[in-house]
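# Working through the structure, step by step
Each chain, letter by letter, is given below.
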Amino acid sequence: MATRGFTGRPPAAAIRERLPPGQYLTEDFPVLQLGPTPRVATEGWRFTLRQGSRPLASWSWDEFAQLPRTRWSGDIHCVTKWSKFDTAWEGVTFDDILAAAGLAAPTGFLLAESHDDYTTNVPVADLTGGKAMVATLYDGKPIPPDHGGPARLLVPHLYFWKSAKWVKGLRFTEKDEAGFWELRGYHMYGDPWREQRFSGD
Ligand SMILES: Nc1nc2c(c(=O)[nH]1)N[C@H]1C(S)=C(S)[C@@H](COP(=O)(O)O)O[C@H]1N2
Ligand SMILES: [Mo]
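This text gives an overview of the structure that appears in the document. (Residues numbered from 1 in each chain as written. Chains lettered and ligands numbered in written order. Predicted model: local features only at pLDDT ≥ 70, side-chain atom pairs only at ≥ 80, totals over all residues. Heavy atoms only, no water.)

Moving on, we get to the overall build of the chain. Across its full length, the chain carries three helices and eleven strands. Along the chain, from the amino end to the carboxyl end, the secondary structure elements read α-β-β-β-α-β-β-α-β-β-β-β-β-β. Scaling as 2.2 N^0.38, a compact globule of 201 residues should have a C-alpha radius of gyration of about 17 Å, and the chain matches this with 17 Å. Principal axes of the C-alpha set define a box for the chain whose edges measure 65 × 40 × 30 Å. A total of 201 residues make up the chain; the buried ones form 46% of that total. (Helix = DSSP H or I, 4+ residues; strand = E, 2+ residues; numbered from the N terminus. Rg over C-alpha atoms; globule rule 2.2 N^0.38 Å. Buried < 20%, exposed > 50% of the residue type's maximum accessible area, 1.4 Å probe, protein only.)

Below, the structure written as structure tokens:
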């Protein structure tokens, strides 16, 4: 019997099928971010929907905890080429956030805004229909600060840079406005299955 090579076990067909082009499977959970982990307390925390500078709705931590909760399990894909399978999250879907605000999305695009001044743009259509949530639990426990706790956006069908950690709000924009990485050459949309890593891909 052949010894397995140094590059490790080749992925089974089932694994390959779940890996978008150019991705490899990792078992651990890498931490990727611009700077140090901000310490964001739940005390004083607010989550705010805005249109331009105008607040549309806002929740304290305790108010946010009263919103309907949804669990999602599945695969995440980072533009740096790691993918992680079967991650488990719980939070409030974007649909339930809008419903709680009594709002229809006022524009077709938004920017997620975070406590480390990170931003990232997502079309509203990619957040509705149960496709995205503001997550507060990972693996049934509060999300560790390094992974974006107390609350992060989760948009798992797009590259993971769209899943803003330490999210403090969503700002609706008239046009599709580039966020932090999108201004620096990353793709405006970021579909891992079409390998949209950089603008022009
Ligand atoms: N606020 C904030 N969110 C962020 C980032 C960041 O620097 N700041 N990095 C993004 C990138 S590039 C990736 S790949 C994922 C990494 O999430 P993780 O550290 O939980 O794996 O967070 C995304 N969300
Ligand atoms: Mo990333």
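Here Glu113 lies in strand 6 (residues 109–114). On the basis of relative accessibility, which here comes to 15%, the residue Glu113 falls in the buried class. For the pair Glu113 and Ala164, spaced 51 residues apart in sequence, the C-alpha separation works out to 7.4 Å. There is a polar contact of 2.9 Å between the side chain of Glu113 and the side chain of Arg171. (Polar contact = N/O pair within 3.5 Å; in protein donor to acceptor, adjacent residues only side chain to side chain.)

We now examine the pairing of strand 11 (residues 167–173). Within strand 11, five of the seven residues are buried, which leaves it mostly tucked inside the rest of the structure. Strand direction decides the pairing type here: strand 2 (residues 46–51) and strand 11, joined by four bridges, are parallel. Counted as the bridge partner of Thr48 is Gly169 from strand 11. Examined bridge by bridge, strand 6 and strand 11 share six bridges and lie antiparallel to one another. (Pairing = 2+ DSSP bridges.)

Right, let's get into the site of ligand 1. Near ligand 1 you find 21 residues, and of these Pro30, Asp116, His147, Arg152 and Lys165 are the closest. Within the backbone of Ser163, a nitrogen or oxygen atom sits 3.1 Å from a nitrogen atom of ligand 1. Note that an oxygen atom of ligand 1 is positioned 2.5 Å from one of the side-chain N or O atoms of Lys165. With the chains in place, 97% of the 540 Å² that ligand 1 exposes on its own is no longer accessible. Residues of the shell around ligand 1, tallied by class, amount to 13 nonpolar, four polar and four charged. (Near = heavy atom within 4 Å. Areas by Shrake-Rupley, 256 points an atom, 1.4 Å probe, with all protein chains shown as cover. Nonpolar A, V, L, I, M, F, W, Y, C, P; charged D, E, K, R; others polar.)

Strand direction decides the pairing type here: strand 4 (residues 70–77) and strand 5 (residues 82–93), joined by seven bridges, are antiparallel. Looking at strand 5, one finds that His77 is bridged to Ser83. Between the antiparallel neighbours strand 4 and strand 5 lie four residues, among them Lys81 with a positive phi of about 95 degrees.

Take Gln23: it is sitting in the loop between helix 1 (13–18) and strand 1 (24–25). Here the side chain of Gln23 touches Lys81 through a polar contact of 3.4 Å, landing on its backbone oxygen. Residue contacts for Gln23: discarding those within four places in its chain leaves His77, Cys78, Lys81, Trp82, Ser83, Tyr159 and Arg197. (Contact = heavy atoms within 4.5 Å.)

The subject of this paragraph is the packing of aromatic side chains. Scanning the entire structure with this criterion turns up 18 aromatic pairs. Grouping aromatic residues by their ring pairs yields a cluster made of Tyr118, Tyr159, Trp161, Phe180, Trp181, Tyr186 and Phe198. The residue whose ring lies beneath Arg18 is Phe85, and the NZ or CZ to ring-centre distance is 4.1 Å. The ring of Phe180 has Arg184 sitting right over it, with the charged end atom 3.7 Å from the ring centre. (Phe/Tyr/Trp six-rings, centres within 6.5 Å; stacked < 30°, edge-to-face > 60°. Lys NZ or Arg CZ within 6 Å of the ring centre and 35° of its normal.)

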